[in-house]
Amino acid sequence: MNLVLERIDDSASAAQKKSAAQETMLTPCVSRVHLSAVLRSKQDEAARERIRRLFHSPLGVYVSQASRDHDDLRLVFDVAMEDLDFTVRTLHQVLPEAVIENVRPRIFTHRREH
């Protein structure tokens, strides 16, 4: 009886492994993403202090773009996939009022297939 159960478990395990392997092949490998966030605040000394705090935090190295649109400060972070969780947590610690707009794969246009 145990032998039959083990064979059933083994075949189920093999089917799960095959399914996981197929998913991996169909899912494109994304090494880096762009995380876009917006911070709504007036252009005053407090806003300048928030920006200073951001650039002096561990998150500052990930900022690839920062622009002002009236009272909105728009930020784009260039992040490795494995650092995404850290980036989101740190962003909410450093700038709790920031709103994440989207996360999208970074496209490397300068790379060519050989």
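Look a little higher up for the structure.
Residues numbered from 1 in each chain as written. Predicted model: local features only at pLDDT ≥ 70, side-chain atom pairs only at ≥ 80, totals over all residues. Heavy atoms only, no water.

S.K.: What's the story with the overall build of the protein chain in this structure? I'm lost.
M.R.: A count of helices and strands for the protein chain gives three helices and four strands. Secondary structure of the protein chain in N-to-C order comes out as α-β-α-β-β-α-β. Of all 114 residues assigned to the protein chain, the portion counted as buried reaches 26%. Carbon together with sulfur atoms contributes 54% to the accessible area of the protein chain, which is approximately 8,600 Å² in total. (Helix = DSSP H or I, 4+ residues; strand = E, 2+ residues; numbered from the N terminus. Buried < 20%, exposed > 50% of the residue type's maximum accessible area, 1.4 Å probe, protein only. Areas by Shrake-Rupley, 256 points an atom, 1.4 Å probe, with all protein chains shown as cover.)

S.K.: Where do I start with the environment of E82 in this structure?
M.R.: Positionally, E82 belongs in the loop between β3 (72-80) and α3 (84-94). Remark: the alpha-carbon pair of E82 and R32, spanning 50 residues in sequence, is separated by 8.6 Å.

S.K.: Sorry, what's going on with the environment of T90 here?
M.R.: Along the polypeptide, T90 turns up in helix α3. Between the C-alpha atoms of T90 and L54, which are 36 residues apart in sequence, the distance is 9.6 Å.

S.K.: Explain unusual backbone geometry here, please?
M.R.: When glycine is set aside, most residues are seen to have a negative phi, and most peptide bonds are trans. In this structure, H70 is a non-glycine residue whose phi angle is positive, near 55°. Look at H70 and you get exposed, because its relative accessible area is 68%.

S.K.: Please clarify how the sheet that holds strand β1 (residues 32-40) should be interpreted in this entry.
M.R.: Taken in spatial order, the four strands line up as β2-β3-β1-β4 in an open sheet, and their pairing is antiparallel. With one partner strand each, in any of the chains shown, β2 (63-69) and β4 (99-105) form the two edges of the open sheet. On average, adjacent strands in this sheet sit at an angle of 15° to one another, irrespective of strand direction. Direction of pairing for β2 relative to β3: antiparallel, over a ladder of six bridges. (Pairing = 2+ DSSP bridges. Axes fitted to C-alpha atoms, helices over the stretch in contact; angles between N-to-C directions.)

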